[in-house]
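Secondary and tertiary structure notes
If you want the building blocks of each chain, they are given just below.
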Amino acid sequence: RSAEIPHFMSILEDLLMTPFSIHICSLEAVREADVSIYDGVITIEDSRIENPFRLDFEHPKQLVLCFDDISVPLDGFIEPQEKHILQALSFADRIGEGSILIHCHAGISRSSAIALAIIAKRIGKGKEEESIKILEQINPHARPNKSIVWLTDEILERDRKLYDIAYKSMWLTN
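Residues numbered from 1 in each chain as written. Predicted model: local features only at pLDDT ≥ 70, side-chain atom pairs only at ≥ 80, totals over all residues. Heavy atoms only, no water.

Describing the nonpolar core
Soluble globular proteins: nonpolar side chains tend toward being buried together. Rules: Put simply, buried Ala, Val, Leu, Ile, Met, Phe, Trp, Tyr and Cys residues joined by side-chain atoms within 4.5 Å make one nonpolar core. The classification of residues rests on relative accessible area computed with a 1.4 Å probe and restricted to protein chains. Under 20% of the type maximum is buried, over 50% is exposed, and intermediate values are partly exposed. The way it works is that DSSP assigns letters per residue, a run of H or I at least four long becomes a helix, a run of E at least two long becomes a strand, and they are numbered from the N terminus. By the convention used here, residues are in contact when the closest approach between their heavy atoms is within 4.5 Å.
Ranked by size, the top nonpolar core spans 39 residues in total, and within it Ile22, Ile42, Ile44, Ile102, Ile114, Ile118 and Leu135 carry the most contacts. Take this core: its biggest share by element is nine residues, from helix H4 (residues 110-123). Apart from the residues lying within four places of it in its own chain, the contact partners of Ile44 are Leu65, Phe67, Ile102, His103, Cys104, His105, Arg110, Ser111 and Ile114. Counting residues in each nonpolar core, the second largest holds nine residues, with Val35, Val41, Phe53 and Leu101 among its members.

Quick word on the packing of helix H6 (residues 146-155) against helix H7 (residues 161-169)
To keep things clear, this is the line we draw: Axis definition: a line fitted to C-alpha atoms, limited for helices to the stretch in contact. Angles are taken between N-to-C directions and run from 0 to 180 degrees. In these notes the angle categories are as follows: under 35 degrees is roughly parallel, over 145 is roughly antiparallel, 65 to 115 is roughly perpendicular, and the rest is oblique.
Where H6 contacts H7, the two axes come as close as 7 Å, and the packing angle between them is 150°. Judged on the interaxial angle alone, H7 and H6 are roughly antiparallel. When H6 is examined against H7, the residues Lys146, Val149, Trp150, Thr152 and Asp153 are found in contact with a partner set consisting of Lys161, Leu162, Tyr163 and Ala166.

Overview of the sheet that holds strand E3 (residues 61-66)
Filter applied, for reference: The rule for pairing is simple: two strands pair if DSSP sees at least two bridges between them.
The four strands lie next to each other as E1-E4-E2-E3, forming an open sheet whose pairing is parallel. Looking at strand neighbours, the two that pair on one side only are strand E1 (21-26) and E3, the edges of this open sheet. Here the strands of the sheet are splayed against their neighbours by 15° on average, with no regard to which way each runs. Pairing of strand E2 (residues 40-45) with E3 involves six bridges; the strand directions are parallel. Among the inter-strand pairings, Ile44 is bridged to a residue of E3, identified as Leu65.

A look at the pattern of salt bridges
Threshold: We define a salt bridge as a contact between a side-chain nitrogen of Lys or Arg and a carboxyl oxygen of Asp or Glu at a distance within 4 Å.
For the coordinates displayed, the defined rule picks out six salt bridges. Here Arg158 ties to Glu128 by a salt bridge, and the two come within 3.1 Å at their closest N and O atoms. With Arg158 in the loop between H6 and H7 and Glu128 in helix H5 (residues 128-138), this pair connects stretches of sequence that are 30 residues apart. The class for Glu128 is buried, based on a relative accessible area of 3%. Put simply, Asp164 and Arg160 hold a salt bridge, and the shortest N to O gap is 3.1 Å. In this structure Asp164 comes out as partly exposed when scored by relative accessible area, which is 26%.

Side note on the packing of helix H3 (residues 82-95) against H6
Formally: In this scheme the crossing of two helices becomes right-handed for a clockwise turn of the near helix relative to the far one and left-handed for an anticlockwise turn of less than a right angle. Throughout, the ten residues Ala, Val, Leu, Ile, Met, Phe, Trp, Tyr, Cys and Pro are labelled nonpolar, Asp, Glu, Lys and Arg are labelled charged, and all others, Gly among them, are labelled polar.
Contact pair H3 / H6: the axes reach a minimum separation of 9 Å and the direction vectors enclose 65°. When the axis of H3 is compared with that of H6, the two are roughly perpendicular. As H3 runs across H6, the sense of the crossing is right-handed. On H6, the residues that touch Glu82, Ile85, Leu86 and Leu89 of H3 are Ile148, Leu151, Thr152 and Ile155. Looking at the contact of H3 with H6 residue by residue, the class counts come to six nonpolar, one polar and one charged.

Points about H5
The criterion, for reference: By construction, the arc corresponds to the directions joining the helix axis to the C-beta atoms.
Buried residues of H5: Glu128, Ser131, Ile132, Ile134, Leu135 and Ile138, and no others. Down the axis of H5, the buried set is contained in an arc of 160°. They therefore lie on one face.

Written out as structure tokens, the structure is:
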């Protein structure tokens, strides 16, 4: 167990070196978390959610996005759209240097893809590989939604670099 502490400290130091603080978790985890320590919470929920997560107080600010974890059209489901990414980027811009908690149902696909969009925008063009490495540090289990990564690449005008690097180095979900 003591061997795990230096590894954990190394990961923590790497996270502290990033120019912002993003955490990713599942719906189950966010229900148990003390979200008051964050400046913003991005909630990504399924179109068929029965018990949505809502904050009952003003701090932190909450952005709720509703779309399903799909990359191709399916009857009765909501595809990720450009407007979802733009809303998340705008929300992150308003939070500024503050901390953001991003969650979806499992904390793996949609939340990781939205986190990647925020990271890529903040660290800038030409640093797509670094963006992916930061995401992997934040969430080693990240499997970003393919459609969101594709749309992010277009929005941020990365000429398929972000998408291609993510596709080659990570498993993107369909």
